[in-house]
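# A closer look at the structure
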Amino acid sequence: MHNLIIKNLTVEIENKKILKDFNIEINSGEIHAIMGPNGTGKSTLSKVIMGDPNYKIIKGDILFDGKSITELSVDERARLGIFLGMQMPLEIAGVTNADFLRTALNIKQGNSFSLMPFIKKLNETIEHLKMDKNMIHRGINQGFSGGERKKNEILQMYMLEPLMVVLDEIDSGLDVDSLKTVGKNVMDYYKKNKPGLLVITHYQRLLNYIKPDYVHIIIDGKIVKSGDFSLVKEIEKNGYENITKNDLYDEGKSKK
Amino acid sequence: MNRIKVVNDLPEIISSDDNIEITLLEKNELFSINSLRIKVKKNTSLEIEYYSLKETKLDIFIKVDEDVKFNLFEMREGNNTKVQYKFYLEENSETNVTKFYDVTSIKEMVIINLNGVNAKLNYNFKTISEAEEKYDMIVYHNYSNTVSNINNNGVNILEGNLIFNVSGFVLNNKKDCVLNQNNRIINLTDNKCQINPNLFIDENDVEANHSALIGRFSDEEMFYLKRLGIDEANALNLLIKGFLLNDISKKNQSKIIKIIDKYWR
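Every value quoted in this text rests on a predicted model; they were computed, and no experiment measured them.

## Some details on the interface of chain A and chain B
- On the chain B side, the residues contacting the 30 residues of chain A number 17 residues.
- Summed over both sides, the interface between chain A and chain B buries roughly 2100 Å², with carbon and sulfur atoms accounting for 72% of that surface.
- For the pair chain A and chain B, the interface holds 1 salt bridge.
- We note a salt bridge from R227 of chain B to E153 of chain A, for which the minimum N-O separation is 3.2 Å.

## Quick notes on the side chain of H216 of chain A
Residue and element names in this part refer to chain A.
- Along the chain, H216 falls in strand β11 (residues 214-219).
- Within polar-contact distance, the side chain of H216 engages the side chain of H32 at 2.9 Å.
- Once residues within four sequence positions are removed from consideration, H216 is found in contact with I24, H32, A33, I34, M35, I223, K225 and S226.

## What about the nonpolar core?
- Grouped together as the largest cluster of nonpolar side chains are 105 residues, with contacts concentrated most on L4, F22, F100, I154, L155 and L197 of chain A together with L244 of chain B.
- The dominant element in this core, judged by the number of residues it contributes, is helix α2 (residues 232-245) of chain B, at 7 residues.
- Looking at which domains feed residues into this core, each of domain 1 (2-216) and domain 2 (217-265) of chain B supplies at least three.
- In this structure F100 of chain A touches V95, I140 and Q156 of chain A together with Y224, L225, R227, L228, I230 and L238 of chain B, once residues within four positions along its chain are discounted.
- The next biggest cluster of nonpolar side chains, apart from the first, holds 42 residues, and it includes I22, F70, V110 and V166 of chain B.

## Some points on the domain arrangement of chain B
Residues and elements named next belong to chain B.
- Per the domain assignment, the segments of chain B are domain 1 (2-216) and domain 2 (217-265).
- Of note, the centres of domain 1 and domain 2, computed from C-alpha atoms alone, are 24 Å apart.
- If you look at the interface, domain 1 gives 22 residues, while domain 2 gives 18 residues.
- Both faces considered, domain 1 and domain 2 share a buried interface measuring about 1700 Å² in area, 68% of it formed by carbon and sulfur atoms.
- Considering only the side of domain 1, the residues that lose the most area to domain 2 are F73, F100 and K126, jointly responsible for 25% of the buried surface there.
- At the boundary of domain 1 with domain 2, the tally comes to 3 salt bridges.
- Notably, a salt bridge pairs R184 with E221, separated by 3.9 Å at the nearest N-O pair.

## Details of the confidence of the model for chain A
- Overall, the predicted model of chain A reaches an average pLDDT of 92, with 95% of residues at or above 70.
- Every residue in residues 249-256 of chain A scores below 50 in pLDDT, and together they form 0 contacts with partners more than four places removed in sequence or on other chains.

## Structural notes on the sheet that holds strand β5 (residues 67-68) of chain A
All names here are of chain A.
- Spatial ordering of the open sheet is given by β2-β1-β4-β5, a layout of 4 strands whose pairing is antiparallel. Both outer strands of the open sheet, β2 (16-27) and β5, are each paired with one neighbouring strand and no more.
- Bridge analysis of strand β1 (residues 3-13) against strand β4 (residues 56-64) gives 7 bridges, and the strand direction is antiparallel. Looking at β4, one finds that T10 is bridged to K59.

## Points about the pattern of salt bridges
Residue and element names in this part refer to chain B.
- Counting across every chain of the model gives 26 salt bridges over all chains.
- With a closest N to O distance of 2.5 Å, K226 and E232 form a salt bridge.
- Among the charged side chains, a salt-bridge network with shared partners connects E74, R76, K99 and E108.

## Some words on the environment of V68 of chain B
Residue and element names in this part refer to chain B.
- With respect to the element layout, V68 can be found in the loop between β6 (56-64) and β7 (69-89).
- For V68, a relative accessible area of 4% gives the class buried.
- Taking the C-alpha atoms as reference points, V68 and E90, 22 residues apart in sequence, are found 8.4 Å from one another.
- With sequence-adjacent residues up to four places away left out, V68 is seen in contact with V40, K41, K42, N43, N92, S93 and E94.

## Some remarks on the sheet that holds strand β3 (residues 31-35) of chain A
All names here are of chain A.
- The 6 strands lie next to each other as β6-β9-β10-β3-β11-β12, forming an open sheet whose pairing is mixed. The outermost strands of the open sheet, each flanked by one partner alone, are β6 (82-85) and β12 (222-227). Across the sheet, the axes of successive neighbouring strands diverge by a mean angle of 20°, strand direction being ignored.
- Where β11 lies against β12, 5 bridges are found, and the strand directions are antiparallel. Paired with I217 across the bridge in β12 is K225.

## Some thoughts on the environment of L101 of chain A
- Tracing the sequence through the fold places L101 of chain A in helix α3 (residues 97-109).
- C-alpha separation for the pair L101 of chain A and H32 of chain A, spaced 69 residues apart in sequence, amounts to 27 Å.
- Here L101 of chain A is in contact with F118, L122, I136, L155, Q156 and M159 of chain A together with L228 of chain B, once residues within four sequence places are set aside.

## Observations regarding helix α1 (residues 219-226) of chain B
- With 6 of its 8 residues buried, α1 of chain B lies for the most part within the structure.
- Every buried residue of α1 of chain B is accounted for by E221, M222, F223, Y224, L225 and K226 of chain B.

## What about the confidence of the model for chain B?
- Model confidence for chain B is summarised by a mean pLDDT of 94, while 99% of its residues fall at 70 or above.
- Here the predicted complex scores 0.91 on pTM and 0.93 on ipTM.

## A look at the packing of aromatic side chains
All names here are of chain B.
- Counted by the stated rule, this structure contains 13 aromatic pairs over all chains.
- On the basis of an interplanar angle of 80° and a centroid distance of 4.9 Å, the ring pair of Y101 and F125 is categorised as edge-to-face. Residue Y101 is found in strand β8 (residues 94-114), and its partner F125 is found in strand β9 (residues 120-129); the two are separated by 24 residues along the sequence.
- Owing to a relative accessible area of 0%, Y101 belongs among the buried residues under this scheme.
- Look at F125 and you get buried, because its relative accessible area is 1%.
- Between Y263 and W264, the aromatic rings sit 5.4 Å apart at their centres with planes inclined by 40°, giving tilted as the arrangement.
- W264 sits in the buried class, given a relative accessible area of 11%.
- Taking NZ or CZ as reference, R76 lies 4.5 Å from the ring centre of Y50, over its face.
- Here the guanidinium or amino end of K126 rests over the ring plane of F243, the centre of that ring lying 5.9 Å away.

The rules we used
- Residues numbered from 1 in each chain as written.
- Chains lettered and ligands numbered in written order.
- Predicted model: local features only at pLDDT ≥ 70, side-chain atom pairs only at ≥ 80, totals over all residues.
- Heavy atoms only, no water.
- Contact = heavy atoms within 4.5 Å.
- Buried area = accessible area lost by both parts, 1.4 Å probe.
- Salt bridge = Lys/Arg side-chain N within 4 Å of Asp/Glu carboxyl O.
- Helix = DSSP H or I, 4+ residues; strand = E, 2+ residues; numbered from the N terminus.
- Polar contact = N/O pair within 3.5 Å; in protein donor to acceptor, adjacent residues only side chain to side chain.
- Core = buried A, V, L, I, M, F, W, Y, C linked by side-chain atoms within 4.5 Å.
- Buried < 20%, exposed > 50% of the residue type's maximum accessible area, 1.4 Å probe, protein only.
- Domains from an automatic or database assignment.
- pLDDT = per-residue confidence, 0-100.
- Pairing = 2+ DSSP bridges.
- Axes fitted to C-alpha atoms, helices over the stretch in contact; angles between N-to-C directions.
- Phe/Tyr/Trp six-rings, centres within 6.5 Å; stacked < 30°, edge-to-face > 60°.
- Lys NZ or Arg CZ within 6 Å of the ring centre and 35° of its normal.

Structure follows, in C-alpha cells:
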C-alpha cells in the first residue's frame, strides 16, 4: 500500500502563485480525477509532484509513503515509483525510444536488468497499444502525431511499472479510436498493478474509460469541490462556471 | 564503395570504381600543401578516413557532374589540420555530405559552388571540440533553383573553443533558390563559442532560413528524460549521443558511437 499526500501546498512560478493551499491524498488502488478550466493549475500540479525545478514551493509538503519528497530531484522521485505522463510530450531528435527506455529500465533494475525480457515486454506493449513497431528505433516522439505521442507516454508507464501514476491531459490530441485504446490500456495497467492514479482532464470522454473513484474540481489553484463520478456529469451538463458559483454559494453558507 | 584513407597529408586510395576519378596532385612545396582532386561522373559514394598526427595542410577539390547523385562520408581524428574543401556541383546534381570530426585544433574552409540549375547540397557536420576549432563555410548559389541545407552541430568540451562562420550568397536574378542553415553548439564549458550565420541575398524570389543556438540542453529536455528515473549524467549522455548521431545513417553510426563512448560512456 502506497500513498501520495499533498498538504497545504502553495506553489509559484515567476512570482505568480499557481497552487494555493492545495490538498489531496491518493492511495494505491484509487483513481482520482482532477478537472477544471484552462489555467487553474492542473498541469502545474502534475509537474510539482514530479519535481520540475521551475516551480517554487512556498508552503506545504508532498509526502510519498509518509516521507517528504520536496527535496528530491525529478529522477529520484521517479525511482521511488512516481510517473508523470505529460500533456505535451517533447520531441528529442536522435535519442531513440529504445535507448531511452533501456537506459531508464537499466537504472531502475540495476544488475537484474536483462535485455531479452526488456525487448519481449516492449514488443508486447507496442502491440497492445497498436503502435507502429518501427517507432522504437526512431527519435523520441520524432515525427509522431499527437495520438502517437500520448500512446508513447502510456508505453513508458507500462515499461516502468510505477506505483503512483499522474496522467496530465492524456486524452488531448487523441481521436476516438486512440482514446479508447489509451483508456483501455490505462485501465488494464490499473487492474493488474493497482497503482494510485491521478488523471487530469477537461472532459468526461476519458473518464468513460478510466472510471474515477473521486472527482475534484480545481479553480484558481485549489480544489473547490470533490465528489464521485456524478460530479463529472454535472460538469458536462452545467459547465465549470455554474459549479463554481454554486460551490462559492455553498462555501458561503457553510462558513455562516 | 570508394574509400580513401588519409594519414597526415598523404591520401591513399583504398578502393574506387569507374564512377569516380581520384587524383593526387603534386605537392606545393612552397606552401607545403597536398591536393586531392575528385571528379564524380556517375552516381556513387565515397568514404574518407582521415588521421592526422602532426600539423598538416590539404586541399580537396570535388566536382560532381550533371545529373549525378553523390554521397560523401568523412570521419576525421587527430590534431592540427588545416583543410580546404572546394565543391563544384553541376546542374541537377545532388550531393549529400556527412562529416564527423574528433580532432584537436583545426581550421577548415569549405567553399561550395552550386554551379548549375537544380544543384542541391545536403551538408551534415558534427564535431566534438576539445581545443581551438574554426570552421568557415561559404555557399555560392550561382544558378537559379539551387538548394543548400546546411546543418552544423558541435559539442564543446575541455579546452574547446568552437567557431562556425557560415555564409550563403545568392546573386541577383538567380531565382527560387533555397538556403537553410541550422547551426547549434552544445557548450559544456565556460569557454566562448561563436556562430556567425550570414545570408547575403541580392534577389527577392528566395527562400532562406537560419537558426543559430549556443548553450546547454534545455531544462525541458532534461526533465523529460529524468522523469523516467534517469539521473543527470545518464540524461546528458543520452542527449549528447542523440545530438551527434541525429541524421547519421545506421551504416555509419557504429564507428561514431565508439568515439562518443570515449567521452560519455
